[in-house]
Structure formats: C-alpha cells, structure tokens
Amino acid sequence: MRIKQSAATSVLALLAAGCFSEAFAHTVSLPTIDVGGHRRMVSVPHEHARAARQPVTAARPSSPIIAAAPAPAPDKNDSFGSSAQQNTALGPRINYPAPPKEMPSSSERFFTGGQVNTIPTFRPGEALEIVPGLAVTQHSGEGKANQYYLRGFDLDHGTDLALYLDSMPLNMRTHGHGQGYADANFVIPEMLAYIDARKGPYNVEDGDFSNAGTIRMQYLQKVPEGVFSSTAGAFGYGRQFGMKSWEYAGGDILGGGEISTYQGPWISPNNARKINTVLRWSRGEENNGMSITGMAYANRWNSTDQIPMRAIDTNQMSRWGTLNPTDGGDTTRFSLSGRWAEETENYRTKVEAFAMHSTLNLYNNFTYYLVNPVLGDQFRQFDRRTMVGGNAYHTRKFTLLDKESELKFGFQSRYDDIRIGLQDTFLRSPYDTIRNDHVSEGNISLLTELKTKWSPWLRTIVGTRWDYFWGSNYGLQTYLQAPIAGIGLDPGANLFQNAFRVWTGPFNNGASNAQLISPKASVVINPWDDKTDFYMNFGRGFHSNDFRATTQRFNASEVTEEFGYVPVQRQGLLSASTGAEIGVKTRAIDKLESAATLFFIRTNQENIFAGDSGNTEIARGANRVGVEFTNHYRPLSWMAFEGDVTATYARFRGYNQDQADLYWALLQPGAFEWGAWAGNAPGNYLVNATPIIATGAIELGEATGWFANAKYRYIAPRALTEDGYFKSPAIGTVNLRVGYRWKEGWKLQLDVFNMFNSRSQQIAYAYGSFLPTDPLFRACNGLSGLPTTPDVCGVGQMGVVGHPVEPPSWRLTFGGPIEFDPSIKKGPDLTEPFQLVKFWE
C-alpha cells in the first residue's frame, strides 16, 4: 500500500522539518549562483516512484523558420540549397555557415542562426520549434526544462530526443526529475550559428536518447560587429542581450550574455530571474581550427503548475491560479569545453572535450492532497552533478573498387558523478527523505561508418556503434530521514503501535553494466536529375534507464498490508529501439522545396511521466507509424511560405495486467460509485502521443526595411490515458511579428503571442488527485460516513489537470550594432520607416 499520511503524521513531520530541514527563503533578486559544494540532494527513481496515473501533456506544435534575407540560388551540388551567408535577422549582418552539401535522410534539416531568429519565440527552448513536427512547451515555471513532443513521442523533458550544444550533451542521465532531462533555457538563440536536426537513430554519432531524433546546436565563432537588443513586454517581461567579438592571441574572442525577468499572467507571479553568459576564444573555422568556450548560467523562479479542471469548472479558482504558491525552483550550470579540428583533401579529424557542473532544486505538487491530507503533496527533487567527457573522430577519404569512399572511426565517452534525491516538503521545508543517492555512471562508445558513392545517382552509408555503460549506486538515506508508515491507522491503538519507517536506502545499493551494438544503414538515390532524391534509412537506437532502477530491490515509498517492504523488479540499463524510414526531397517545382517521409519506430520500453512523483516510469514497448510532409515556397525575394504536417499512429504493445487488476478493483462495490474507474481501464493508447501536428508560416520583407511574419500552430486532441477515456483539447495558436530594419543595422520589432487568445491547455494530463472539496477526499479521510475502498482512495479523484496557454501578450524589441568608434554615426533615422515608397517608379 502507499504511505498515506494522517494528521498525526503531519504534526510529527512538521516537528521533524523544524529539526533537520532547510529553511525556505523567498527572494525576488537575481538568482544566487549555487556551485554545489556538499549540499545533500535527494530523488526518487523513475519507475518506482509513488504510484499514480500517468499524466499526459498537451503540446504546442512548431514549424521551420524562413530565412530573413533572400537566399541565393542553390548550389547544383548542394542538397536543397545554401542559405544566405549574411543575415540581418538580428539587425547587424551576421555571417552564418552554409548547410552540408549532402544529407543522408529526407527528414534531416539544417537551419542557420538567422533562420532560427526570424520568427518569434516565447521561450529560449522554443527556438527548437524550427524543426518540423517538433513541439516545445512548458508547464512549471520559466526555469524548468521544456516538454518536448516529436513523432508520437511524449518526450517529457528529453527522454528520447538527444540535444547537444557545442557537442556537449544536454540530456542528463539518472536525473532527479526525469530520465534524459534536457534544460535548454540557458541557450541564447541570437548566438546560434546553426541547428542540425536529425530524426530517427540513423547516424552513428547519435547514441543515448536518440530514438526520436538528435538536435545539434552550435554557437557562432565570431561576429563582424557587436549586437545588442533591449526587450520589454507584457506581464513584467524584460530582457537585455548583447554580444561582441575582439581579436586576441591570433584568434577571436566572442563574448555574449543576457539578463531577463518575467512575472507572467499568474496570480502567484513567476518572479523569474535569469543571468546567462558565454565567452569563447577561437582560431580558424569550425572544421579547421580550435576553440575554448566557457558558459555560466543561473535561474530562479516560482511556478504555477498544472491545476485540476474541475476546480476551474466549479469556480473554485481562476485558470491563472495555483494550489501551492511556494512551488518553484532554482538551477545553475557552468561548463568549459574545447575543440580542435583539421581538414585536408584526404582526411578530417576532430577532437572535443567538455566538463560541466550543474545544480537543480525543484518544488512541485501535482496531486495536491492525495498522499498527505493535511500538509499537501509538495515534494522536493534535487540533482547536483559533475559531468566530463570527450569525443574524437577521424575520417579518411579513399577509393573502394574505384568508387569514392570515406571511412570514419570515432570514440565517445562520458562520466557523471551525481547526487540525487526526493523529499516530501511543506512550504519548501522537507520532513522526510524518500531517496538520497550517490550515483556514478559512465560510458564509452566506439563507432565506424563507411560512405560510398557507387555512381552519380547512388550513395550508401553503413555503420555501427558499440556502447558500454557501467555505474554504481550508494544510498545515503538514514533511518531517521525515512518516511513513516502506519501512524494513527487504527484509532483505537497507540499512536506509534504500527509505526514503520520505510528505510530502503541500504538495500537499494549496487553496481551494474550493459552493452549494446547498434547497426545503421542509409541509401540515397538520385535517378533522374539533381532536383529529386530518394532516401531509405534503418538503424537501432536506445535510451539509458535511470541507473537506480538497475540496483533497486524494494519500493522506496510503499509498504505491504503487514508493513513489510515491497519488492520490485530490477530493470536493464539500456533499452533499444528500431527505426526505419523512406522519403523523398524534391525541387521539381520552381522555387518550391518539398519533402515527404514515411517512418516507423519500435521501442522495447517507454518512459512515461508519473504525476505524484514528477518523475518518469518504465512502461511496456510501443510501435509508431507516421508520415511527414514539409514544404517551403519562396515565389518572390520578399515573400515566403512554410507548411508542414506530421501524422503519427502510436500504440502500446501487449497487455497491461497490473492496470487490469486495478481496474477490476475499482469496479467493486464501494469503489464503483466514486467513478475512479474512469480512465483506468487497460488499453493500448500511447498516452499523450501527438496524432497530428500542423504548422503554417508566412514571411514578408527584404533584408532591410519593413518586415512581417506570422505562424499558426495546431496540434490535434490526444489520449491522456491508455484506455482513451480522457482526451486533451486541441491547440491552435497564432504568433505575429512586425518590424523595421535599418541598413545601418538597427532594428525595431513587435512580437504578439497567442494573437487570437486561444484558451486551450499548454499542458494537459489525466490522473487521480485530491482537493479538500472533493466528496471522495472527505470519505477517504473519515470526514463523512460514505463507504470507500483502499484502492479508490489510493487512486483519488480522476480527472484532467492542465496548464493554460498564456493569454495574448506583446514584446517590443529595439536593437542594433555595438560600436565604440565615435567617428561612426550613432542611432537610426527614425523618420525612415515612414517615408513613402514609390513602388510604381
């Protein structure tokens, strides 16, 4: 049974909190930079967290961004053309790299930083929405990692989508909040040189978390002139950004940073405060030179988490309200990375190394009063880690049977030293510790790939990678920190007669390892001309599981009816998947670039979100079949259109016997009448799998002068429970940007978000929870004489919870060049935008 906490338990918990908890401090200043030190951190393993119905999120769709300046005619040998080498999306002209001449799949896309910054984004992570079919959203404050959705995956915070910045992995293994947690809030969109987006596990360089795809972001090496921008907007939004380059020591220094604040439309303000800096020294180019980069980031925020729709429908609270104003968090990240690369006519070599230290504290309450009817269900998750690693690649050009070929060898490594855990809290003060662990986890990977051009119309790519993972876990939970079960369960007994501490820390230790071989293959056919290519791709991918699941013997938050430990099944460290796709890219129609892809993905296990622990749990495998169709049309130099749609059919395989047993229990007398069976029947719906994501965008304007663009995003309703009983609402939003760019590099722009006031849910889940006004809450806690059962009280009141799309808001940005030479003219001509343009002349 789950540990239910009575009033007596709550009183004891408060006394304990006063003895050994950390004090809760509310601050409105800039975030304190926390470098970790020896602070204790605690967390719960994803698959053995306190049981709850798996919530499901409702995401916002996205679309590719259109270049801000007209692109030159594409290179005949370049697959789908080169973007303009200079772009004025930021105001001053910035040099961006051209895309690779060859791409191995129809779904891979390359975007310059100028394209990324053309269409407005509400949050930094939404810059990734340039990738067709990818949706990025948020449900818990402006510092927590985004939610990601791609190809029918509810990726939570990054479980099956690998993210990299300057070759550093963003996905965190064995994370305190969720496996694969990938925080992109520290990414500065204006500093991006490019985004390379690969879908599916078809590239040998893509390993852990790459089932759905891999997105590699790269910062600029230098800028021709400095850039600054100042932004002010609705709901207390403010941001200052700047970057500039200097020559130094035979190379270039690029420095950039931002500071921002945001309150939001919420009754309990976000009070988000962020500071973020980047400093890079580089010599040469990315593929033929070297660089050293340092980054520092800190963020602190309050969060309005998802709230039950039944409370809004009955006018118990505003849709902008919260049930716990002390929810929120803080995070820091510091990194140092280096790269050396050399390219000649016969070979390419690249060596990369990185070190990163990060901290995260999260306070959330997703089930309100389900577990603790007095203090509420707020919990604290910690993650404090140091990560080091490196990569090395060498590619040699040669002839195979008189055919042009390239042979690549590669090595990848990573090691994480992690302190993680989970505590129950009241007003951010912990009163027990469910998990407190020290995890060490590492991997080495070897890879090889052979590319051969058999004829002008046929290319093949075959490769494989070998991954070896190992690690150990040491539980640090003490007996006095462990949660208490059984206090006050029998009103006629002594208060402590049945007291039982669920002390599992010493029994969930251990070490484990795993290895996996992943073959990959691609075929590219160009049978007719240089305008149409056909692609076939196959590959094995994988994601690692939370390491604690591989050593855990007992559930850390449940006991048997006899107050004994609940044994759990240990999980494997690596979970494989198989992916395949066929597709076509074409420019057969003048000025129209189109791509169509049919894909299939089969996973051995799914990671899904659990509401009352805020963590991920392991579920049975699933199949996904889908189709993508993307189009980019530029009929005129000053006009472009984008239209994309992704449709996916996703279902679990097999039968969920545990869910069937629960469903049967909820149908019994004393339980059936409460309706907790709704949404708890066994089924095969893949919860929160996005069936359709469609986007459309239009861009107007040249490199200078007036410009405007608009983007519409749509995502269809989706199942929130595996039986499909609860469904999310559809989402449709329109964002607009209009502005003016001066030829001297100045820019003034106005962004409008959610222009037509969509009242949909940015995030939607369906699971059990309790409010004090729920009749079932009163019955389960002895406040009414109505009969119940332990099963129905364990599930709680089933229903949809959600986090609304923010109301219409605006942000006004003014920016331009940073120039310290007093002889150069300062400031824009403010009358220029209003001068009459004589189109007839």
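For clarity, every value in this text was computed on a predicted model and none was experimentally measured.

Reading the values: the criteria
Residues numbered from 1 in each chain as written. Predicted model: local features only at pLDDT ≥ 70, side-chain atom pairs only at ≥ 80, totals over all residues. Heavy atoms only, no water. Phe/Tyr/Trp six-rings, centres within 6.5 Å; stacked < 30°, edge-to-face > 60°. Helix = DSSP H or I, 4+ residues; strand = E, 2+ residues; numbered from the N terminus. Buried < 20%, exposed > 50% of the residue type's maximum accessible area, 1.4 Å probe, protein only. Lys NZ or Arg CZ within 6 Å of the ring centre and 35° of its normal. Pairing = 2+ DSSP bridges. Patch = residues over 30% accessible without salt bridge, like charges linked within 9 Å, V, L, I, M, F, W, Y side chains within 5 Å. Areas by Shrake-Rupley, 256 points an atom, 1.4 Å probe, with all protein chains shown as cover. Salt bridge = Lys/Arg side-chain N within 4 Å of Asp/Glu carboxyl O. Disulfide = S-S within 2.5 Å.

Engineer: Could you give me a rundown of the packing of aromatic side chains, with the residues and numbers involved?
Structural biologist: As enumerated under the stated definition, the model contains 28 aromatic pairs in all. Look at Phe228 and Phe814: their rings are 6.3 Å apart centre to centre, the planes differ by 70°, and that puts the pair in the edge-to-face class. With Phe228 in strand S13 (residues 226–233) and Phe814 in strand S41 (residues 809–818), this residue pair connects regions lying 586 residues apart in the sequence. Since its relative accessible area comes to 29%, Phe814 is described here as partly exposed. Aromatic pair Trp466 and Tyr468: ring centres 6.1 Å apart, planes at 15°, arrangement stacked. Through successive ring pairs, a cluster of aromatic residues spans Tyr479, Phe500, Trp503, Phe507, Phe554 and Tyr565. When the ring centre of Tyr479 is taken as origin, the NZ or CZ atom of Arg501, which lies over that ring, is 5.7 Å away.

Engineer: Describe the pairing of strand S29 (residues 554–559), naming the residues involved and giving the relevant values.
Structural biologist: Burial of S29 is extensive: 6 of the 6 residues sit out of reach of the surface. Of the strand pairs in this sheet, S29 and strand S30 (residues 565–567) are connected by 2 bridges, and their pairing is antiparallel. The residue bridging Phe554 from the neighbouring strand is Pro567, located in S30.

Engineer: Which residues make up a nonpolar patch on the surface, and what are the values?
Structural biologist: On the surface, Met536, Ile582, Leu598, Phe600, Val625, Val627 and Tyr649 cluster together to form a nonpolar patch covering roughly 620 Å² of accessible area. Position of Phe600 relative to the elements: it lies in strand S32 (residues 592–610).

Engineer: Summarise the sheet that holds strand S12 (residues 213–219); cite the residues concerned and give the values.
Structural biologist: Reading across the sheet, the 5 strands line up as S3-S11-S12-S7-S8 and stay open at both edges, with mixed pairing between neighbours. Of all strands in the sheet, those bounded by a partner on one side alone are strand S3 (109–112) and strand S8 (168–169). Bridge analysis of strand S7 (residues 161–165) against S12 gives 5 bridges, and the strand direction is parallel. Counterpart to Ala162 in the pairing with S12 is Thr214.

Engineer: Give a description of the state of the cysteines that names residues and reports values.
Structural biologist: According to the stated counting rule, one finds 1 disulfide in the structure shown. The disulfide bridge from Cys780 ends at Cys793, spanning 2.0 Å between sulfur atoms. Of note, the bridge from Cys780 to Cys793 carries an S-S torsion of about -90° and is left-handed in sense. Separated by 13 residues along the polypeptide, Cys780 in helix H5 (residues 775–780) and Cys793 in helix H6 (residues 790–795) bring together distant segments of the chain.

Engineer: Account for the sheet that holds strand S4 (residues 135–137), naming residues and giving values.
Structural biologist: Across the sheet, 3 strands lie side by side as S4-S5-S6; this open sheet has antiparallel pairing. Only two strands of the sheet have a single partner each, and these edge strands are S4 and strand S6 (153–154). With 3 bridges joining them, S4 and strand S5 (residues 147–150) adopt antiparallel strand pairing. Bridge pairing in S5 links Thr137 to Gln147.

Engineer: Can you tell me about the pattern of salt bridges, naming the residues and giving the values?
Structural biologist: Throughout the structure, instances matching the rule amount to 34 salt bridges. Where Asp166 meets Arg280, a salt bridge forms, and the shortest distance between an N and an O atom there is 2.3 Å. Placement of the pair is Asp166 in the loop between S7 and S8 and Arg280 in strand S16 (residues 272–285), with a sequence separation of 114 residues. Assigned by exposure class, Asp166 and Arg280 land together as buried. Note that Glu406 and Arg348 form a salt bridge whose closest N and O atoms lie 3.1 Å from each other. Of this pair, Glu406 sits in strand S22 (residues 403–426) while Arg348 sits in strand S20 (residues 347–364), placing them 58 residues apart in sequence.

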